[in-house]
Amino acid sequence: MRAEILEGARPPGTRLSNELALAEEQGVSRATVREALRLLSAENLIRTAKGAGGGSFVTAPSASDVSESLRSGLGRLANAEHVTLDELLEARALLEVPAAELAARRRRRYDVDRLRESIPGDPLRLGADEQFVYNRDFHAVVIESCGNTMLAVAAQPIFEVLRTHLSRSTLGRAYHRAINEHHHRIADAIEAGDEVAAGAEMRDHLEYLRPYYQRAWRAAARGRADRSA
């Protein structure tokens, strides 16, 4: 049923048959159908309405729905240690460097203003959570400014998984001061429409993050191990 919805065989607005009819169509029990409907609803692929005109209806998943589903899956894999930090950082570079280049090519005044607004004036006066919010917002705006929905869907869950694993880490004053400087340089390149410089600045920025993330990732892993002991 998921495949039929995603492939368009059951377009948005289609009303699904009742549980008994679906069970007969699919050759499964009503309990299996009920569980399938629950999962489809959790993925925002269907909505259920009550009353005389109610039932289950196919909905069109948004980019944020798909992104959240990916984030949840990546988070479970990372917690199970099936995905390494190096793999996440590599994937992030493969997505965010081209995103910065496209953002420079397609920049609008609105996008540049949002980039500037997402760089705090004095990051050292902010708490760790606030610093991460600014950091997340800056990268989110770069991705959104590239004008490619697929890049946005793919990149945001990776960044969110990293943020979730590292948000409680104390990365230090030098780190946050440097991050602000990097973000200013990336924003400058995007505003100037310099694709090469924007990509290079983003690449340098992500490489700078690597050793800090590695230390924080190890510390977070030790904390999880201690809590489970």
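Residues numbered from 1 in each chain as written. Predicted model: local features only at pLDDT ≥ 70, side-chain atom pairs only at ≥ 80, totals over all residues. Heavy atoms only, no water.

1. So, the side chain of H205
Step number 1: Looking at the element boundaries, H205 is found in helix α10 (residues 195-228).
Step number 2: With a relative accessible area of 0%, H205 lands in the buried category.
Step number 3: Side chain to side chain, H205 and H182 meet in a polar contact 3.0 Å long. (Helix = DSSP H or I, 4+ residues; strand = E, 2+ residues; numbered from the N terminus. Buried < 20%, exposed > 50% of the residue type's maximum accessible area, 1.4 Å probe, protein only. Polar contact = N/O pair within 3.5 Å; in protein donor to acceptor, adjacent residues only side chain to side chain.)

2. Quick word on the confidence of the model for the chain
Close reading of the predicted structure is inappropriate where its pLDDT is low.
Step number 1: Put simply, the chain has an average pLDDT of 83, and 83% of its residues get 70 or more.
Step number 2: The element-level mean pLDDT for the chain is lowest in helix α4 (residues 63-79), coming to 59, with helix α6 (residues 109-117) highest at 93. (pLDDT = per-residue confidence, 0-100.)

3. Some points on the packing of helix α7 (residues 128-145) against helix α9 (residues 173-192)
Step number 1: Across the interface, α7 lies against α9 with an axial gap of 12 Å and an inter-helix angle of 20°. Viewed along their axes, α7 and α9 adopt a mutual orientation that is roughly parallel. The two elements α7 and α9 cross, and the hand of that crossing is left-handed. When α7 is examined against α9, the residues Q131, N135, F138, H139 and V142 are found in contact with a partner set consisting of Y175, H176, I179, H183, I186, A187 and I190. (Axes fitted to C-alpha atoms, helices over the stretch in contact; angles between N-to-C directions. Parallel < 35°, antiparallel > 145°, perpendicular 65-115°, else oblique. Left-handed = near helix turned anticlockwise from the far one by under 90°. Contact = heavy atoms within 4.5 Å.)

4. Topic: helix α3 (residues 30-42)
Step number 1: Here α3 is 13 residues long and its end C-alpha atoms lie 18 Å apart, about the 18 Å a rise of 1.5 Å per residue gives.
Step number 2: Listed in full, the buried residues belonging to α3 are V33, L37 and L40. In an axial view of α3, the angular spread of the buried residues amounts to 65°, which keeps them on one side of the axis.
Step number 3: Positive phi shows up at N44, right after α3, with a value of about 60°. (Expected span 1.5 Å × (residues − 1). Arc of directions from axis to C-beta.)

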